[in-house]
Amino acid sequence: MSLNGARGGAVPLSPPDLVESALAAVAAGAGEVLVHPRTPCGRESLSPRVVGPLLEAMRGAGVSVPLSVSAGIGAEPDPAGRLARVRSWTVLPDRAVVHFAEPGAEELARALLARGVAVDAVVPLGGDADGGLAAEPGAGPQTGPGPLARFLAWPVRDPARIRLVVELASADPALVAGLRWLPPVPLLLFGREAAAWPVLRLAVRCGAGARIGVGDVLHLPDGRPARSNAELVAAAREIADAPATAGSR
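Rules behind the numbers
- Residues numbered from 1 in each chain as written.
- Predicted model: local features only at pLDDT ≥ 70, side-chain atom pairs only at ≥ 80, totals over all residues.
- Heavy atoms only, no water.
- Helix = DSSP H or I, 4+ residues; strand = E, 2+ residues; numbered from the N terminus.
- Buried < 20%, exposed > 50% of the residue type's maximum accessible area, 1.4 Å probe, protein only.
- Areas by Shrake-Rupley, 256 points an atom, 1.4 Å probe, with all protein chains shown as cover.
- Contact = heavy atoms within 4.5 Å.
- Pairing = 2+ DSSP bridges.

## Comments concerning the overall build of the chain
Within the chain, the secondary structure is distributed over eight helices and seven strands. Here the chain holds 249 residues, and the buried ones make up 49% of them. When the accessible area of the chain is evaluated, it comes to approximately 11100 Å², of which 55% is carbon and sulfur surface.

## What to know about unusual backbone geometry
In this model, E193 sits at a positive phi of 50°, which is unusual for a non-glycine residue. Tracing the chain through its elements places E193 in the loop between strand 6 (187-190) and helix 7 (196-206). For E193, a relative accessible area of 37% puts it in the partly exposed group.

## Concerning the environment of L23
With respect to the helices and strands, L23 occurs in helix 1 (residues 15-28). A relative accessible area of 32% means that L23 is categorised as partly exposed. Sequence spacing of L23 and V33 is ten residues, and the spatial spacing of their C-alpha atoms is 9.6 Å. When near neighbours in sequence (up to four residues on either side) are disregarded, L23 contacts A61, G62 and V63.

## Notes on the environment of R43
Secondary-structure assignment places R43 in the loop between strand 1 (33-35) and helix 2 (48-60). Judged by its relative accessible area of 44%, R43 is partly exposed. For R43 and A75, which are 32 residues apart along the polypeptide, the C-alpha to C-alpha distance reads 7.5 Å.

## Quick notes on the sheet that holds strand 5 (residues 162-168)
One open sheet holds the seven strands; their spatial order is 1-2-3-4-5-6-7, and the pairing between them is parallel. Lying at the two open borders of the sheet, with one neighbouring strand each, are strand 1 and strand 7 (209-210). In terms of strand pairing, strand 6 meets strand 7 through two bridges, oriented parallel. The residue bridging L189 from the neighbouring strand is A210, located in strand 7.

Next up, the structure:
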């Protein structure tokens, strides 16, 4: 569940608001929480003085699911700076998001794994960023400069602690079918805004992991504005549980 993402004031930002939102989302069925830590003035940050207290507050309040932190360029533009921040963390998240479209992703992922933090390797697919995925059926992944090609070229030495997180521009089953050529790591699919709910449904059909939250979308499947992360999670759980419910009748 994407708790706050890179958005502005439309989402929970302060530690108390984030804790409250996370607790409600977990109660609604969220199995993980992804958070973008922020300074008191609202700027994204990877500083240990920001990340540590937020993680401690969430765990201390009873958020019992795995906690993930976004380690992206929005929090620290300089690749060397991101590495330094991650290496200075005194309180560790369970997972960290590394965007393979950003410079220094491979080294950052290695540094996180060395610290015992699992890695969510994010690659965009579809639209203008097809990341090197083969277009023809039966063909393997093509080499190229895209994020997926970079992930494929990065040696996955610890698949138990690496997850491929694919951001789809649209719910295209052909793109997902092509992922069968990828290394044997867990797969999570998500979309943003208009793509969020169609991609979530596609993930359910494919048996992949899925995420939702105000960091990705601000409306419910029927188009109504979402009042909270918990409301989004509840709607996602209803979609995810529908096939099992139908099959039990």
